[in-house]
Amino acid sequence: MARVIVDVMPKPEILDPQGKAVTGALQRLGFEGLTVRQGKRFEVDVEGELTDERLQQVRDAAEKLLANTVIEGFDVRVEQ
Amino acid sequence: MSRIGVVTFPGSLDDHDAQRAVRLAGHEPVPLWHAHESLQGVQAVILPGGFSYGDYLRCGAIARFSPIMTEVIQAAGEGLPVLGICNGFQVLCESHLLPGALIRNDVRTFVCRDQRLRVESIDTVWTCEFEQGQEIVIVLKNGEGGFVADPDTIARLEGENRVVFRYLDDNPNGSLNDIAGVTNDRGNVVGLMPHPEHNMEELTSPSLDGRTFFASVERYLAAVVG
């Protein structure tokens, strides 16, 4: 069974309050110079052979449901 | 008396308050279940506030694909009045019935207060009984109410008079241009973060401005039918 990773991140121009909160907490803990933006990682297990068509289906699923392309970008890759 | 549907998703919170508001406004509330595929001939639909599907993935993202939403999206395209309140607004954005998206409040806290708003457009089914520029008070309570869209979309909304409500005083959540509510190009679909269903009675509300939403849709429906 192949595993496909979908990373979803807020677009650079969109405010990321969660990332800002994490960044602030890191600073208070003494981790300096670390700026965080927070996204989501989806691990998608694909039954059967991972053909180009199947991979395209995962991209379609990412575009339709996993990401909201108004505010988020996504990246689809096969886990080696 | 009109039949106004109120959709209940798993995790809806204010569906009963919305039904009650419909009743107080003199209409017949029709409960609509998310898993059903019929709007039961209602003349308008309210998508209520709450946390549909636990806000999993994104607020409104999973509710948008429930069977009843297929019907709502089609009917909205044919002109059915649809009002999305808070989580309902998020569902409408996820459905692309309204542009933009709602993200986590910039203040990073849940905000709950009586919110002053200005009515920016009375050219909608849900606001035609307000006066242009009227200042109203509606309950606001949300954690993810920051309205965002790309600059072209914001410019188009402003240029086409599709910003329906704007926050007055402090912007509670970082919404671009202080936008509290928007409409589609036809004016039959309106979404807003504040909760007009909570502003129906003196006992529990600082204002009765929620009633005007229902007076508006009543006027619209009377004009259409009459």
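Residues numbered from 1 in each chain as written. Chains lettered and ligands numbered in written order. Predicted model: local features only at pLDDT ≥ 70, side-chain atom pairs only at ≥ 80, totals over all residues. Heavy atoms only, no water.

**Here's the deal with the overall build of chain A**
The line we're drawing: Each helix corresponds to a stretch of at least 4 residues labelled H or I by DSSP, and each strand to a stretch of at least 2 residues labelled E; elements are numbered beginning at the N terminus. When we talk radius of gyration, it's over C-alpha atoms, and the globule rule is simply 2.2 Å times the number of residues to the 0.38. Three exposure classes are used, based on accessible area relative to the maximum for each residue type with a 1.4 Å probe and protein chains only: buried under 20%, partly exposed in between, and exposed over 50%. Contacts were defined at the residue level, with two residues in contact if any of their heavy atoms lie within 4.5 Å. Accessible surface is estimated by sampling points in the Shrake-Rupley manner with a 1.4 Å probe; for residues, cover comes only from the protein chains shown.
Of regular secondary structure, chain A possesses two helices and three strands. Reading the helices (α) and strands (β) of chain A from amino to carboxyl end gives β-α-β-α-β. For chain A, the C-alpha radius of gyration of 16 Å lies well beyond 12 Å, the compact-globule estimate for 80 residues. Expressed as lengths along the three principal axes of its C-alpha atoms, the size of chain A is roughly 50 × 25 × 15 Å. Relative to its full complement of 80 residues, chain A shows a buried share of 30%. Relative to all contacts within chain A whose residues are 6 or more apart in sequence, the contacts with residues 24 or more apart total 72%. About 5,300 Å² of surface is accessible on chain A, with carbon and sulfur atoms providing 50% of the total.

**Concerning unusual backbone geometry**
Residue and element names in this part refer to chain B. You will see that Gln40, though not glycine, has its phi angle at about 55°, which is positive. On the secondary structure map, Gln40 appears in the loop between strand S2 (28-33) and strand S3 (44-47). Backbone geometry places His96, a non-glycine residue, at a positive phi of 65°. Structurally, the position occupied by His96 is in the loop between helix H3 (87-94) and strand S5 (101-103).

**Regarding the environment of Arg54 of chain A**
Structurally, Arg54 of chain A can be placed in helix H2 (residues 52-66). Overall, the relative accessible area of 30% leaves Arg54 of chain A in the partly exposed class.

**Quick word on the interface of chain A and chain B**
Put simply, the rule is: A pair is scored as a salt bridge if a Lys or Arg side-chain nitrogen falls within 4 Å of a carboxyl oxygen belonging to Asp or Glu. Two N or O atoms count as a polar contact when they lie within 3.5 Å, although within protein this holds only if one can serve as hydrogen donor and the other as acceptor, and sequence-adjacent residues are included solely when both atoms are side-chain atoms. Amino acids outside the nonpolar list (Ala, Val, Leu, Ile, Met, Phe, Trp, Tyr, Cys, Pro) and the charged list (Asp, Glu, Lys, Arg) are all regarded as polar, and Gly is one of them.
Taken together, the contact between chain A and chain B spans 16 residues of the former and 14 residues of the latter. The salt bridge partner of Glu72 of chain A is Arg58 of chain B, with a shortest N-O separation of 3.7 Å. Where chain A meets chain B, there are five residue pairs in polar contact (both at pLDDT 80 or more). For the side of chain A that touches chain B, the elements supplying multiple residues, two or more each, are helix H1 (17-28), strand S2 (40-46) and H2 of chain A. At four residues, H1 of chain A tops the list of elements feeding residues into the side of chain A that touches chain B. Per-class residue counts for the side of chain A that touches chain B are 10 nonpolar, two polar and four charged.

**Topic: H2 of chain A**
Here is the rule: Under the convention used throughout, the expected extent of a helix is 1.5 Å for every residue step, that is, one less than its residue count.
Taking 1.5 Å per residue as the helical rise, H2 of chain A with its 15 residues ought to reach 21 Å, and the 19 Å between its terminal C-alpha atoms agrees with that figure. On its buried face, H2 of chain A is in contact with strand S1 (2-10), S2 and strand S3 (72-78) of chain A.

**Things to note about the environment of Val4 of chain A**
Residue and element names in this part refer to chain A. Inspection of the secondary structure puts Val4 in strand S1. By relative accessible area, which is 0% here, Val4 ends up buried. Considered as a pair, Val4 and Val46 are 42 residues apart in the sequence and their alpha carbons are 7.3 Å apart.

**Notes on the confidence of the model for chain B**
So the rule is basically this: On a range of 0 to 100, pLDDT expresses the predictor's confidence in each residue.
Here chain B averages 96 in pLDDT, and 99% of its residues register 70 or above. For this predicted complex, the interface confidence comes out at an ipTM of 0.89, alongside a pTM of 0.95.

**Quick word on the pattern of salt bridges**
Scanning the model with the defined rule gives 19 salt bridges over all chains in all. Put simply, Arg3 of chain A and Asp45 of chain A hold a salt bridge, and the shortest N to O gap is 2.8 Å. With a gap of 42 residues between them, Arg3 of chain A in strand S1 and Asp45 of chain A in strand S2 connect regions that are remote in the sequence. Among the residues examined, Arg3 of chain A registers a relative accessible area of 28% and is labelled partly exposed. A residue is classified by how much of its surface remains accessible, and Asp45 of chain A, at 41% relative accessible area, is partly exposed. For the salt bridge of Arg219 of chain B with Glu129 of chain B, the shortest nitrogen-to-oxygen distance reads 3.0 Å. In this pair, Arg219 of chain B sits in helix H5 (residues 210-225) while Glu129 of chain B sits in the loop between strand S6 (111-119) and strand S7 (135-142), placing the two residues 90 residues apart along the sequence. On the basis of relative accessibility, which here comes to 45%, the residue Arg219 of chain B falls in the partly exposed class. Each of Arg3, Arg41, Glu43, Asp45 and Glu79 of chain A takes part in a single network of salt bridges with overlapping partners.

**Examining the sheet that holds S1 of chain A**
Whenever strands of a sheet pair, they do so through backbone hydrogen bonds, lying parallel or antiparallel. Residues and elements named next belong to chain A. Quick note on the threshold: Strand pairing is defined by DSSP finding a minimum of two bridges between the two strands. Here an axis means a line fitted to C-alpha atoms, over the contact stretch when the element is a helix, while the angle between two N-to-C directions is reported on a 0 to 180 degree scale.
Strand order in the open sheet formed by three strands is S2-S1-S3, and the pairing between neighbours is antiparallel. For this open sheet the edge positions go to S2 and S3, each flanked by a neighbour on one side alone. Taking the axes of each pair of neighbouring strands and ignoring which way they run, one obtains an average angle of 20° across the sheet. Note that S1 and S2 share seven bridges and pair antiparallel. In the sheet register, Ile5 faces S2, and the bridge partner there is Glu43. Where H2 meets the sheet, its contacts fall on S1, S2 and S3, and the angle it forms with S3 comes to roughly 160°.

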